[in-house]
Amino acid sequence: MRGRRLRTNDVIRSMVRETVVTCNDLIYPLFVVEGQGIKEEIKSMPDNYRFSLDTLVEEVKELYELGLKGVLLFGIPDHKDHIGSGAYCDGNIVSRAISVIKENFPDMYVIADVCLCEYTDHGHCGFIEDGYVNNDKTLPLLAKTALSYAKAGADMIAPSDMMDRRIGYIRKALDDAGFVNTVLMSYSAKYCSSFYGPFRDAADSSPKFGDRKTYQMDPANSREAMREIMADIEEGADIIMVKPALPYLDIIKMARDNTNVPICAYNVSGEYSMIKAGEKMGWIDGKKVALESLVSIKRAGADMIITYFAKQFAKGELY
Ligand code: PBG
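Residues numbered from 1 in each chain as written. Predicted model: local features only at pLDDT ≥ 70, side-chain atom pairs only at ≥ 80, totals over all residues. Heavy atoms only, no water.

1. Section: the nonpolar core
General note: in soluble globular proteins, nonpolar side chains tend to be found buried as a group.
Point 1. Leu 73 and Tyr 149 are the most contacted members of the largest nonpolar core, which totals 109 residues.
Point 2. A total of eight residues in this core trace back to one element, the largest contributor, which is helix α4 (residues 135-152).
Point 3. Setting aside residues no more than four positions away along its own chain, Leu 73 makes contact with Leu 30, Val 32, Val 94, Ala 97, Ile 98, Ile 101, Val 110, Ile 111, Ala 112 and Asp 113. (Core = buried A, V, L, I, M, F, W, Y, C linked by side-chain atoms within 4.5 Å. Buried < 20%, exposed > 50% of the residue type's maximum accessible area, 1.4 Å probe, protein only. Helix = DSSP H or I, 4+ residues; strand = E, 2+ residues; numbered from the N terminus. Contact = heavy atoms within 4.5 Å.)

2. Here's the deal with the pattern of salt bridges
Point 1. The full count for this structure, using the stated rule, is 20 salt bridges.
Point 2. Among the ionic pairs, Lys 288 bridges to Asp 285, the shortest N-O distance being 3.7 Å.
Point 3. Taking relative accessible area as the criterion, Lys 288 reaches 57% and is therefore assigned exposed.
Point 4. You can call Asp 285 partly exposed: its relative accessible area is 38%.
Point 5. Among the charged side chains, a network of salt bridges with common partners joins Asp 47, Lys 276 and Glu 279. (Salt bridge = Lys/Arg side-chain N within 4 Å of Asp/Glu carboxyl O.)

3. Section: empty space enclosed by the protein
Point 1. For the structure shown, the criterion picks out two cavities of 30 Å³ or more.
Point 2. As a volume, the largest cavity reaches approximately 110 Å³.
Point 3. Along the wall of the largest cavity there are 15 residues; nearest its centre are Cys 117, Ser 160, Lys 190, Phe 199 and Lys 243.
Point 4. At the level of secondary structure, the elements contributing two or more residues to the lining of the largest cavity comprise β9 (183-190) and α6 (197-203).
Point 5. By residue class, the composition of the lining of the largest cavity is seven nonpolar, two polar and six charged.
Point 6. Quantified by volume, the second largest cavity comes out at close to 40 Å³.
Point 7. Lining the second largest cavity are Tyr 28, Pro 29, Leu 30, Phe 31, Asn 48, Tyr 49, Phe 51 and Glu 59.
Point 8. Of all the secondary-structure elements, those providing two or more residues to the lining of the second largest cavity are β1 (26-33) and β3 (49-51).
Point 9. With four residues, β1 is the single largest residue contributor to the lining of the second largest cavity. (1 Å grid on protein atoms, 1.4 Å probe; cavity = no way out; pocket = protein on both sides within 12 Å on 5 of 7 lines; lining within 4 Å. Points joined across faces, edges and corners; volume = space filled by probe spheres on them. Nonpolar A, V, L, I, M, F, W, Y, C, P; charged D, E, K, R; others polar.)

4. Examining the site of the ligand
Point 1. In the vicinity of the ligand lie 18 residues, with Lys 190, Arg 200, Lys 243, Ser 269 and Tyr 308 positioned nearest.
Point 2. At a separation of 2.6 Å, an oxygen atom of the ligand approaches a polar side-chain atom of Arg 200.
Point 3. At 2.9 Å from an oxygen atom of the ligand is found a side-chain nitrogen or oxygen belonging to Gln 216.
Point 4. Within the complex, the protein chains bury 100% of what would otherwise be the 400 Å² of accessible surface of the ligand.
Point 5. When atoms are counted within 2 Å of each cavity's grid points, the one that captures over half of the ligand is the largest cavity. (Near = heavy atom within 4 Å. Polar contact = N/O pair within 3.5 Å; in protein donor to acceptor, adjacent residues only side chain to side chain. Areas by Shrake-Rupley, 256 points an atom, 1.4 Å probe, with all protein chains shown as cover. Sits in = over half its atoms within 2 Å of the grid points.)

5. Details of the state of the cysteines
Point 1. Tallied over the entire structure, the rule returns zero disulfides.
Point 2. Cysteine Cys 23 is unpaired, with the sulfur of Cys 264 as its nearest cysteine sulfur at 15 Å.
Point 3. The thiol of Cys 117 is not disulfide-bonded; the next cysteine sulfur, from Cys 115, is found 3.9 Å away.
Point 4. Of the residues examined, Cys 117 reaches a relative accessible area of 7% and is grouped as buried. (Disulfide = S-S within 2.5 Å.)

6. So, the packing of aromatic side chains
Point 1. This structure, assessed with the given rule, holds twelve aromatic pairs.
Point 2. Between the aromatic rings of Tyr 191 and Tyr 248, the centroid separation amounts to 4.2 Å while the plane-to-plane angle is 25°, which identifies the pairing as stacked. With Tyr 191 in the loop between β9 and α6 and Tyr 248 in the loop between β10 (239-243) and α8 (249-258), this residue pair connects regions lying 57 residues apart in the sequence.
Point 3. Judged by relative accessible area, Tyr 191 falls into the buried class, the value being 0%.
Point 4. Given a relative accessible area of 8%, Tyr 248 falls into the buried group.
Point 5. Ring pairing ties together the aromatic residues Phe 31, Phe 74, Tyr 187, Phe 199, Tyr 266, Tyr 272, Tyr 308 and Phe 309, which thus form one cluster. (Phe/Tyr/Trp six-rings, centres within 6.5 Å; stacked < 30°, edge-to-face > 60°.)

7. Notes on the UniProt feature "binding site: 5-aminolevulinate 2" (unreviewed entry) in the protein
Point 1. Following the UniProt record, one finds the feature "binding site: 5-aminolevulinate 2" (unreviewed entry) at Ser 269 and Tyr 308. Spanning 40 residues, the annotated positions come together in the fold, the maximum distance between their C-alpha atoms being 7.3 Å.
Point 2. Inspection of the secondary structure assignment puts Ser 269 in helix α9 (residues 269-281).
Point 3. Apart from the residues within four sequence positions on either side, Ser 269 is in contact with Met 45, Phe 195, Tyr 196, Gly 197, Pro 198, Phe 199 and Tyr 308.
Point 4. Of the polar contacts made by the side chain of Ser 269, one reaches the backbone oxygen of Phe 195; its length is 3.3 Å.
Point 5. Secondary-structure assignment places Tyr 308 in the loop between β12 (304-307) and α11 (310-314).
Point 6. In contact with Tyr 308, not counting residues within four places along its chain, are Tyr 28, Pro 29, Phe 31, Met 45, Asn 48, Phe 199, Tyr 266, Asn 267, Val 268, Ser 269 and Tyr 272. (UniProt positions renumbered as here; feature names shortened; annotations may be inferred.)

Next comes the structure, spelled out in structure tokens:
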């Protein structure tokens, strides 16, 4: 064997290449705020912004023209309260964002993240009782949120809260209301990760007390990830997710080897910002490192990747 024979030039290298990333694989996260004319850069996530509805439409136009096909929406409400009502109240920010995107770009695939942490004054992902997130009292609030986004026209609902049994509960609520074709993508193996730091700045969603260890997974565990994934598939998840991506490639691979459902990986904010910071310092070639990351995530077994690099990728800047 002489491995180098198949590496002599770019033609043969591209012929034997096993993994290719395209725009079809990528989902771009967007942050939506109340107001008008707002396009405010997120300090810890360079080139990512908080958009008001009007600037959001301009952004989606650009993404659409670049060939990106899917966006994932996060809302940042003006007003937070104990029960996260900003997630599901009439006229909530995300449902208005979904409507306005669908009105202008019906073919843009709109995914709505479902969670309460951006909307609660305590910053936790569920209903707090005696300082603890009460699982079963959170479920109806999540279902209400999912329904409100489905009604607004979301193609896909992505619950990221990590409450037990939410997939079955939300699936039933959607089906009962006639939304049988609304896709459910579960953040199944979502770890309690410090890589979410920049996102929490962006969404102002850090827990005000304690941490998320009673609902998000312990980074030390992999077998448990398979239990979460299997439970979600059983409850009706169409797509399962592993999050974060790069430090959890083994989990992606394990999911790929043990299931037949599509797998999404979330290349999270910290993974993004570290590369941006290293690039800014002149220590790494950020574009090449970004592309290598995406290729690796796909090679591990992800069918699709949620990534803040999607726009740069679509612009052809990562090659
Ligand atoms: C909401 C949610 C989080 C992220 C996605 N959905 C934050 C968290 O769980 O604290 C993180 C995404 C990222 O870091 O890019 N629960």
